[in-house]
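Structural overview
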Amino acid sequence: MKKILGILILLIVVCVVTAVSNENFVSAYNMQNVIRLTSLFGIISIGVAFVIISGGIDLSIGSVICLVGSLLPYLIVEKQYSIASALLLSGAISIAIGLIHGLLITKLKLQPFIVTLCGLLIYRGIARGITEDQTQGFGTGYTGLRYLATGKVEIPFWEGFKLPVPFLIMLGLAIVAAFFLNKTIFGRYLKAIGNNEAAARYSGIKTDRVVIMSYVICSFLAGVGGVLFALDINSVQPEGIGNFYELYAIAAAVLGGCSIRGGEGTILGVVIGAALMRVLRNSITMLGIPSQLEFAIIGAVILVGVITDELVKRYAQKRRAVLQARQTSG
């Protein structure tokens, strides 16, 4: 809870500083854009949070977004698939990718870093090969489908501001994810595996199933993100879409309180972390900071998050040791 409070305060501070420096930051147009992009990145961040809490990592998220985001318009526009069948195929591909990752990591005992790094290369290569590196899009049609990413909902008594539809999608997914993580046996098992996988296995938990499920959830939500990103930009370039998105997702999860060692994390924290990442990027533009420094700033933020996580853990361990010593001596 303290981690969430800290990141929330940091988000508020960044918003206030940016708003004071540039009044356009709080304009309805800018707020709608920030909320829409926060929602898109929030969805993929929620997915990777499950993997991180289990003690793993997924570096293939950006390439899964590329593959699904490129295939959706390719199937619908070029191959004349129905919208329903294209969406179902996109979902099936995403789930299959997560399943393959999970099986390779749990059954062949391959390192998650290696498996997903290979996936990062493979999926983007497949997307570029299938589409022949041609830009994919929906043209001026499919407005009903694109409403999922570009639609806005009126808010009563708030004239001029409309709530982006992706925010409602992220909100629904976040509620479901929080329920699974906090109110189900799966969530408790996931955290137990992240804390100590060997101990969880000896206590009777089928650790392989839980780990596989975490990778399936991660890839599926990356696929959902791929669909929404494709619908949002309507001009998908297989070479570029999704590049480094895994870094944004991992950074948001870590900033939101997910321990990089596993065992800890909340969905609310992840959403706040995603918001901070997007606000930081927006602030770079609003404050006139050269965009070339964007990755440097994001990298520094990730590093600070990891260092803070390590220091907090060490402090907590030292405090527990002191309390146990007092109880023993008492």
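Residues numbered from 1 in each chain as written. Predicted model: local features only at pLDDT ≥ 70, side-chain atom pairs only at ≥ 80, totals over all residues. Heavy atoms only, no water.

Along its 27 residues, helix H10 (residues 207-233) runs 39 Å from first to last C-alpha, staying within 8% of the 39 Å computed at 1.5 Å per residue. H10 sits mainly inside the fold: 22 of its 27 residues count as buried. (Helix = DSSP H or I, 4+ residues; strand = E, 2+ residues; numbered from the N terminus. Expected span 1.5 Å × (residues − 1). Buried < 20%, exposed > 50% of the residue type's maximum accessible area, 1.4 Å probe, protein only.)

In this fold, Gly91 is placed in helix H4 (residues 83-106). Assessed through its relative accessible area of 15%, Gly91 is described here as buried. When the C-alpha atoms of Gly91 and Val227 are compared, they prove to be 9.3 Å apart, with 136 residues separating the residues in sequence.

Attention shifts here to the packing of aromatic side chains. For the structure on display, the rule yields 8 aromatic pairs. On the basis of an interplanar angle of 70° and a centroid distance of 5.2 Å, the ring pair of Phe41 and Phe229 is categorised as edge-to-face. Residue Phe41 is located in helix H2 (residues 28-53), and its partner Phe229 is located in helix H10; the two are separated by 188 residues in the primary sequence. Both residues of the pair, Phe41 and Phe229, belong to the buried class. When the ring of Phe138 is compared with that of Tyr142, the centres are 6.0 Å apart and the planes differ by 70°; the resulting orientation is edge-to-face. (Phe/Tyr/Trp six-rings, centres within 6.5 Å; stacked < 30°, edge-to-face > 60°.)

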